Amino acid sequence: MYSYDDYDYALVRERVEQFRDQVARRLNGELTEEEFLPLRLQNGLYMQKHAYMLRVAIPYGVLSGNQLRTLAHIARTYDKGYGHFTTRQNIQFNWIQLEQTPGILDCLAAAQMHAIQTSGNCVRNVTTEAFAGVAADEIIDPRPFAELLRQWSTINPEFLFLPRKFKIAISSAEQDRAAIKVHDIGLHVYRATNGEMLLRVYVGGGLGRTPIIGLAIKEDLPWRHLLSYVEAILRVYNRHGRRDNKYKARIKILVKALGIAAFAEEVQREWQAINAGPAEITDQEYQRIAAAFVAPAYEFLPAQNFDYNTQLFKHAEFSRWVARSVIAHKVTGYAAVIISTKPGISAPPGDVTAEQMEVIALLAEQFGFGEVRVAHEQNLVLPDVRKADLFALWQALDLIGMATPNAGLLTDIIACPGGDYCSLANAKSIPIAQAIQQRFEDLDYLHDAGDVSLNISGCMNACGHHHIGNIGILGVDKNGSEFYQVTLGGAQGNDSRLGKVIGPAFSAAEMPDVIEKIITTYKDYREVDEPFIDVVQRIGIDPFKENLYQNSASPQQQPMEVLP
Amino acid sequence: MNNVIALAQSGAHIVEQDPWVFINSETELVEASAHQKLILPFSLWQKCQPDAVLRGEQQSVQGFWLAPEEEEEPVKQWLAVVPLIALQFPSFRDGRAYTQAYVLRTRLGWAGELRAVGDVLRDQLSHMRQCGFTSFAIRTDKSVTDALKGLSGISVLYGRSVIQPLLLFRRR
């Protein structure tokens, strides 16, 4: 993985000192809260319902065992013993005191980490997919490009006060696992027939209150122009993005207002003025950064392993876990493993305790090359495990409650922290997720239902990406009470789609029933192994609607009761 | 205009007697003396200039300022005769002037004094300096001495800027 050099260290250290001074000036009243706000947000520090929340960047989701131990240390020392992994490959600590923040940033800096630009109206943590570098369907390793972008966007003086936050995701596999089409800029790296690396650039995607799937703005950008092209997009956005209305300030609104063709023309004009010469990425720099991501020293292993096959045959539970949690690796004899952070009632999605982090750090070293990844789905991933070690790994994960075989299943819920923590939320997310997880505890039922993504957001800011869940749940506030609106048919990946609202909202108590009825309808209509999303595409939402609202217990659907 | 910091060869310094008067509107212009050094809105500046200045044959006494939504391109033909250009920060969170400054410096070739005016605060000064500003009218309720400390910023710049045209990897 990428290691800091003297420049990287100097930048992060100086930034910690700069923020220490800003915190001190806030505490002694030199800075008003209004003046301090953008400064602390650019350091990932939010004011939440109960306390400050610190969001730490995990660039492109890559962590070393030692970095994970550092996060465990922070969780134990400064928080309540756990951290929360997010959909954008960050980790959040929810119980932070302002005075302690510089100390935490010191700890992070020592482990080559930071919280720079994890919030605020600037370029946020650049994300990629959790299986970068190891996925069997990978075209080119996207991590060097992500690191080039991380450096370029870090404290880039022109773009620290944009109209609104700005998110970039990058992927380079046949299957998009980074949700690139719902980012402000999505990049897909591929190879031309002559072998040259090219980028397909999407722009103007995003969820929130105006969900939009990004559009391709450039099909074949030569890789050397990555930074200049992103710079051109940002410059056009910084000048022309709306600033009069916070809800209309994202780049997607600008792209929509101008139309993609006119927007592309603006960008092209800007890009032509800057693309030549010093803005180009050099071969030397690409090689320097890519060298940090060279494949580890894999052993030559046989494709078949007798012990592994026997264990699969003998242990139904292990076999079930393998079926859901083990992902094909580009190197023979190896696999990538998803560690589920969705055990059900015992922990909210994405929450991991300090002890669990420490064990995972150890397992990454014992069974891999010391690396851990954070997945967009809020799970963790061990990217390089010998198939022969899978059984032992499974047993070890089971001991810390992280061997739930539910990756991709209904209980692998993506959920934002919701009203329990977030000051923006209209409704709770975690109790809904947990009630659904509890209802679907039966693994046979769950595995029979197959791949279904279920996403929950506690408000229309859509941090739980509910629009792109096969089943989406949005918390809404109606006259001071919490209700939940359901969407069906959303999808992430190559075929990204926004779900459709199924009908009037439900109460929290109804939600497990609602989801069960949706799954029952799916099972009634499916043909053989047809996945959930395909059935929704084929039959539309009407059959689901009928089944849900017929004889519905929903108070909004019931006719008025007439008293004798 | 007081509370001004300027960059010079010798380094950044507090300007003791800044001669410039910032004019927002025509009404303010009427009140101000015609002989003072004024920073006028660009459209007003055009109106007030003698023909020789407009023809580019004589230096203007007055500078002009651009609002964040104004384009830089139309000012191009007067860059040789104007002594100062100011860019406005209606709020310190409005980043449009950074881009305006970048374009004025790198594309239109403006080499004279470029002043940040409006909600100009200590913690943004190093970014402004990177984008090519050379003087800073600090918000008057803030200490200018204190604001001087904001110019240094962070010594490492990965990307490029007006004062550092090469990306870090080309400087290694």
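Residues numbered from 1 in each chain as written. Chains lettered and ligands numbered in written order. Predicted model: local features only at pLDDT ≥ 70, side-chain atom pairs only at ≥ 80, totals over all residues. Heavy atoms only, no water.

**Q** I keep staring at the pairing of strand β4 (residues 37-41) of chain B and nothing clicks. Help me out?
**A** If a strand is regular, its side chains alternate between the two faces of the sheet. Residue and element names in this part refer to chain B. In terms of residue burial, β4 counts as a mostly covered element, since four of its five residues are buried. As paired elements, strand β3 (residues 20-22) and β4 share three bridges and run parallel to each other. Its bridge partner lying in β4, F22 is registered against I39. Where β4 and strand β5 (residues 63-66) come together, three bridges link them in parallel fashion. Its bridge partner lying in β5, P41 is registered against W65. (Buried < 20%, exposed > 50% of the residue type's maximum accessible area, 1.4 Å probe, protein only. Helix = DSSP H or I, 4+ residues; strand = E, 2+ residues; numbered from the N terminus. Pairing = 2+ DSSP bridges.)

**Q** Even after reading the chapter, I still don't get the sheet that holds strand β8 (residues 135-137) of chain B, so can you show me in this structure?
**A** Through backbone hydrogen bonds, the strands of a sheet pair up, either in parallel or in antiparallel fashion. All names here are of chain B. As summarised here, the arrangement of the eight strands in space is β2-β1-β8-β7-β6-β5-β4-β3, forming an open sheet in which the pairing is mixed. Bordering the open sheet on either side are β2 (11-14) and β3, each of which pairs with just one other strand. Pairwise comparison of adjacent strand axes, ignoring direction, gives a mean angle of 25 degrees for this sheet. Inspection of the sheet shows strand β1 (residues 4-8) paired to β8 by three bridges, in the antiparallel sense. Pairing of I5 across the sheet is with F136, part of β8. Against the sheet, helix α4 (residues 96-106) contacts β5, β6 (84-89) and β7 (113-118), and its axis sits at roughly 155 degrees relative to β6. (Axes fitted to C-alpha atoms, helices over the stretch in contact; angles between N-to-C directions. Contact = heavy atoms within 4.5 Å.)

**Q** When you look at the sheet that holds strand β6 (residues 168-171) of chain A in this model, what are you seeing that I'm missing?
**A** All names here are of chain A. If you walk across this open sheet you meet the four strands as β6-β7-β8-β9, and the pairing is mixed. Every other strand in the sheet has two partners, leaving β6 and β9 (215-222) as the edge strands with one partner each. Neighbour-to-neighbour, the strand axes of this sheet turn through a mean angle of 20 degrees, independent of strand direction. Relative to strand β7 (residues 185-191), β6 is paired through four bridges, and the arrangement is parallel. If you follow I170 over to β7, its bridge partner there is L187. Where helix α6 (residues 226-240) meets the sheet, its contacts fall on β6, β7, β8 (197-203) and β9, and the angle it forms with β9 comes to roughly 150 degrees.

**Q** Which parts of the structure should I look at to understand the packing of helix α5 (residues 143-153) of chain A against helix α9 (residues 283-290) of chain A?
**A** When two helices pack together, you describe them by how their axes are tilted relative to each other and by the distance separating the axes. Residue and element names in this part refer to chain A. Packing of α5 against α9 leaves a shortest axis separation of 9 Å and a crossing angle of 110 degrees. As far as their axial angle goes, α9 and α5 are roughly perpendicular. On α9, the residues that touch P144, F145, E147, L148 and Q151 of α5 are E285, Y286, R288, I289 and A290. Looking at side-chain class alone, the contact of α5 with α9 contains six nonpolar, one polar and three charged residues. (Parallel < 35°, antiparallel > 145°, perpendicular 65-115°, else oblique. Nonpolar A, V, L, I, M, F, W, Y, C, P; charged D, E, K, R; others polar.)

**Q** Help me understand unusual backbone geometry, please; the structure alone is not making it clear to me.
**A** What you tend to see is this: most non-glycine residues have negative phi, and most peptide bonds are trans. Residue and element names in this part refer to chain A. Positive phi is not limited to glycine here, since Q117 has a value of about 60 degrees. With respect to the helices, strands and loops of the structure, Q117 is situated in the loop between α4 (101-110) and α5. Exposure remark for Q117: the relative accessible area of 4% places this residue in the buried category. Of note in this structure, A179 is not a glycine but carries a positive phi near 55 degrees. With respect to the element layout, A179 can be found in the loop between β6 and β7. Residue A179 is classed as buried on the basis of its relative accessible area of 0%.

In short, geometric facts, not functional conclusions.
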